[in-house]
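Understanding the architecture of this molecule
Listed below, chain by chain, are the residues.
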Amino acid sequence: METKTFLAHFDGKEVKFDEPHQLEPGAKLLVTVLSKESVSDEREDGLRISAHRLQYAYGEEEIEYSRSLIKE
């Protein structure tokens, strides 16, 4: 059986997906409730890892791009 992970939140009455997803009727679910502290800690860990790995995205000889070259 294929497993999928979806972000969701509890609005005080129902658990709601953060993005639309279709589930088959009778689909088995496993719900994990995260404390606000754990979500904050996980976000900080993710940002720290991303920043660390970003240093490997560019080589020593990579030119420096100015803000004027960035397009939206």
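Preceding block: the structure.
Residues numbered from 1 in each chain as written. Predicted model: local features only at pLDDT ≥ 70, side-chain atom pairs only at ≥ 80, totals over all residues. Heavy atoms only, no water.

Before going further, it helps to examine the overall build of the protein. Broken down by element type, the protein carries one helix and two strands. Relative to a compact globule of 72 residues, whose C-alpha radius of gyration would be 11 Å, the protein shows 20 Å and is clearly more extended. Projected onto its principal axes, the C-alpha positions of the protein cover 55 × 30 × 30 Å. Classification of the 72 residues of the protein by burial places 0% in the buried group. Working note: accessible area of the protein is about 8000 Å², and carbon and sulfur atoms make up 53% of it. The protein carries 10 positive and 16 negative side-chain charges, and their two centres are separated by 6 Å. (Helix = DSSP H or I, 4+ residues; strand = E, 2+ residues; numbered from the N terminus. Rg over C-alpha atoms; globule rule 2.2 N^0.38 Å. Buried < 20%, exposed > 50% of the residue type's maximum accessible area, 1.4 Å probe, protein only. Areas by Shrake-Rupley, 256 points an atom, 1.4 Å probe, with all protein chains shown as cover. Lys, Arg positive; Asp, Glu negative; His and termini not counted. Charge placed at Lys NZ, Arg CZ, Asp CG, Glu CD.)

Don't take any of this as a statement about function, it's just geometry.
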